[in-house]
Amino acid sequence: MVGKELCTGCGACGAVCSEKAVAMRPDREGFLYPELDPARCTGCGACGAVCPVSRRERREGERSCFGARAQSEELRGMGSSGGLFPLLASQILAQGGAVFGAALLEDGSVRHICVRRREELPRITRTKYVQSDLSQVWGQLRPRLEEGPVLFCGTPCQTDGVRAFLGEDRAGIVLVDLICYGVPSPGVWERYVRYLERRYRGVFRGFSFRDKRAEYGRACSLRVGERELVWPLSKDLFCRTYFKNVNLRPSCFRCGYAAAERTSDLTLGDFWGVEGVRPGFDDRRGCSVVLCHTRAGTELWEQVRDQTRWFACREEDAANESQPRLRTPTRPSSRRGLWMGLYGRIPFPLWLRLAVR
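Calculation rules
Residues numbered from 1 in each chain as written. Predicted model: local features only at pLDDT ≥ 70, side-chain atom pairs only at ≥ 80, totals over all residues. Heavy atoms only, no water. Phe/Tyr/Trp six-rings, centres within 6.5 Å; stacked < 30°, edge-to-face > 60°. Helix = DSSP H or I, 4+ residues; strand = E, 2+ residues; numbered from the N terminus. Buried < 20%, exposed > 50% of the residue type's maximum accessible area, 1.4 Å probe, protein only. Lys NZ or Arg CZ within 6 Å of the ring centre and 35° of its normal. Core = buried A, V, L, I, M, F, W, Y, C linked by side-chain atoms within 4.5 Å. Contact = heavy atoms within 4.5 Å. Pairing = 2+ DSSP bridges. Disulfide = S-S within 2.5 Å. Salt bridge = Lys/Arg side-chain N within 4 Å of Asp/Glu carboxyl O. Arc of directions from axis to C-beta.

## Here's the deal with the packing of aromatic side chains
For the structure on display, the rule yields 25 aromatic pairs. On the numbers, 5.9 Å between centres and 45° between planes, the contact of tryptophan 189 with tyrosine 192 is tilted. Of this pair, tryptophan 189 and tyrosine 192 both sit in helix α7 (residues 186–200), three residues apart, roughly one helical turn. For the pair tryptophan 189 and tyrosine 192, one class covers both residues: buried. Judged by centre distance (6.3 Å) and plane angle (70°), the rings of tyrosine 195 and phenylalanine 348 are edge-to-face. Separated by 153 residues along the polypeptide, tyrosine 195 in helix α7 and phenylalanine 348 in helix α13 (residues 348–355) bring together distant segments of the chain. For the pair formed by tyrosine 195 and phenylalanine 348, the shared burial category is buried. For the cation-ring pair, lysine 4 lies above tyrosine 33, with the distance from its terminal atom to the ring centre recorded as 4.7 Å.

Put into structure tokens, the structure is as follows:
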């Protein structure tokens, strides 16, 4: 297994261990890392062999790039940008398949789950600015593949972990990764949920990080008790620690996936700066970048393309100054060490407010 500063926390090492010698445990910053039980370990080396960071691969060859948004207003409303993930997922479900994606659960935790019916799809759509737990996924992947097509959507390190875990047995799965800014701490998010419950005196019912009732989804909405509250994304304290790069995972600052070359089949993300590439296309409700890396990715895109408004573009049009995560990793905040060092040592409301100053 790789050093802590490079570990993405995908969990493939624990999933592949037949002796259950590797468990994912939170560190003091709230991120999950593999913990080895020497009493169970047989030294087989399976955990190191499956680690996607230590066996980093890249797909060479031409990629095709598009800007797109779903024609269906319902699907656009489900997604955070152009509604492409709900559209791709609906296609797989219509074929009797299964879709894995990140869900915000009732207790506030973010975990990957599997959905089999279209009415369940809203559970795994929309952006969640929290690193998702994959622990419930590993045991379901192969059984679902035996039953029909599968779509897995996650961050680039998560999709690469799934690819490495499945090995040569991945025929029938389409891996969709996201243009990722970085993953915030699940521990910080959990404490934020409890903070919101205390502040608004109610039980947490749900949260939208990109409420599409606002232009470009630049609002957050909270459901607590019987109330719903909405405020600008820029005013949300948790999101501010995220965009100030205070609470991101250390490996995000060295991310090897912050490039157009991926190990996935498809890459989706916001097409920031689309107006400069395709004047008149932007309707201020979101547009997606679609990068096709493989034949499987291209075939799925072609199955849904007629249900979108789309245009072909160059890779450099998508990897512009407005979308740097296709070129370089996010830079760490100069204050990250200070604030994450204080995390857990001072009252959380005080830490939260100091960290966003």
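## Overview of the nonpolar core
Ranked by internal contacts, the top residues of the largest apolar core, which has 36 residues, are Trp189, Tyr192, Phe207, Leu222, Trp231 and Trp351. Where this core is concerned, the elements lending two or more residues are α7, β8 (204–208), β9 (219–224), β10 (227–232), α8 (237–243), α12 (336–342) and α13. With seven residues, the top contributor of residues to this core is α7. In this structure, tryptophan 231 is in contact with Tyr192, Leu196, Tyr200, Phe207, Ala219, Cys220, Leu222 and Asp236, ignoring residues within four places of it in sequence. Of all hydrophobic cores here, the second largest spans 29 residues; its members include Ala70, Val115, Val290 and Val304.

## Looking at the pairing of strand β12 (residues 288–292)
Counting buried residues along β12, five of its five residues qualify, which places the element largely inside the surrounding structure. Of the two faces of β12, the one holding Ser288, Val290 and Cys292 and the one holding Val289 and Leu291 are both buried throughout. Sheet topology places strand β3 (residues 64–70) next to β12; five bridges connect them, and they run antiparallel. Each residue of the ladder has a partner; that of cysteine 65, found in β12, is leucine 291.

## A short note on the state of the cysteines
Covalent bonding between the sulfur atoms of two cysteines is what defines a disulfide. A complete count under the given rule lists zero disulfides for this structure. Cysteine 44 takes part in no disulfide bond, and the closest cysteine sulfur, belonging to cysteine 17, lies 6.1 Å away. Residue cysteine 44 is classed as exposed on the basis of its relative accessible area, which comes to 59%. You can see cysteine 51 has no disulfide; the closest cysteine sulfur is in cysteine 10, sitting 6.6 Å from it.

## Things to note about the pattern of salt bridges
This model, assessed by the stated rule, comprises 26 salt bridges. For aspartate 283, the salt bridge identified is with arginine 69, shortest N-O distance 3.8 Å. Placement of the pair is aspartate 283 in the loop between α9 (274–277) and β12 and arginine 69 in strand β3, with a sequence separation of 214 residues. With relative accessibility at 32%, the residue aspartate 283 sits in the partly exposed group. Among the ionic pairs, arginine 284 bridges to glutamate 215, the shortest N-O distance being 2.7 Å. Placement of arginine 284 in the loop between α9 and β12 and of glutamate 215 in the loop between β8 and β9 is noted, with a sequence separation of 69 residues between them. By relative accessible area, arginine 284 is classed as partly exposed at 43%.

## So, helix α10 (residues 295–304)
Buried within α10 are the following residues: Gly297, Leu300, Trp301 and Val304. Across the axial projection of α10, the buried residues extend over an arc of 100°, all falling on one side.

Take it as geometry only, folks, not as evidence of what the structure does.
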